[in-house]
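Letter by letter, the chains look like this.
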Amino acid sequence: MAKKIQPIERCDSDVIHEEIVNKVREKMPQEETLYNLAELFKVFGDSTRIKILWALDESEMCVCDIAFLLNMTQSAISHQLRVLKQAGLVKSRREGKIVFYSLEDEHVKQIFDQGLIHISEKSK
């Protein structure tokens with residue numbers, strides 16, 4: 001069933017609350033910072049990358065394992081891991097011939113976990 005689109009509520013007046021606007025403007029991050037944040041969130045916009053992040057949140061894994069888990073080719077997984085690595089979301093370590101991937105740090109886990117919590121609350 002399709003969701004019904006709710007209209008956005010609008011003000012019935014043109015009053016600008018300058019004190020509030022100025023206070024927020026002073027705290028607003030630089031344009032480049034906001035652009036970089038938007039680029040980071042774009043990386044989360046792909047379900048394959050989300051599946052990979054979920055898997056790596058559970059355990060360090062190699063490309064072969066991730067490919068088998070997700071029923072995808074190693075090439076496809078490698079491509080997505082490259083995107084995730086460039087975004088600073090995953091890291092790798094070599095053990096002989098095998099390269100293991102894991103989440104870059106606790107922040108990535110927190111972003112991922114918060115997203116899961118948010119969508120779980122919305123579905124209740």
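Use the structure listed above.
Everything numeric here is computed off the predicted structure, so don't read it as measured data.

(A) Here's a closer look at the nonpolar core. Leu53, Leu56 and Leu81 are the most contacted members of the largest nonpolar core, which totals 21 residues. Apart from residues no more than four positions distant in its own chain, leucine 53 is found in contact with Phe44, Leu84, Leu89, Val90, Leu103, Val108 and Phe112.

(B) Quick look at the pattern of salt bridges. Taken as a whole and assessed by the stated rule, the structure comprises five salt bridges. Put simply, aspartate 57 and lysine 109 hold a salt bridge, and the shortest N to O gap is 3.1 Å. Of this pair, aspartate 57 sits in helix H3 (residues 47-58) while lysine 109 sits in helix H6 (residues 106-122), and the two are 52 residues apart along the sequence. Judged by its relative accessible area of 27%, lysine 109 is partly exposed. A salt bridge links arginine 93 to glutamate 95; its shortest N-O distance comes to 2.8 Å. Accessibility expressed as a relative area gives 34% for arginine 93, which makes it partly exposed. Each of Asp57, Lys109 and Asp113 takes part in salt bridges that share partners, so that together they form one network.

(C) Molecular detail of the state of the cysteines. Across all of its chains, the model carries zero disulfides by this definition. For the unlinked cysteine cysteine 62, the closest cysteine sulfur is that of cysteine 64, found at 4.5 Å.

What counts as what
Residues numbered from 1 in each chain as written. Predicted model: local features only at pLDDT ≥ 70, side-chain atom pairs only at ≥ 80, totals over all residues. Heavy atoms only, no water. Core = buried A, V, L, I, M, F, W, Y, C linked by side-chain atoms within 4.5 Å. Buried < 20%, exposed > 50% of the residue type's maximum accessible area, 1.4 Å probe, protein only. Contact = heavy atoms within 4.5 Å. Salt bridge = Lys/Arg side-chain N within 4 Å of Asp/Glu carboxyl O. Helix = DSSP H or I, 4+ residues; strand = E, 2+ residues; numbered from the N terminus. Disulfide = S-S within 2.5 Å.

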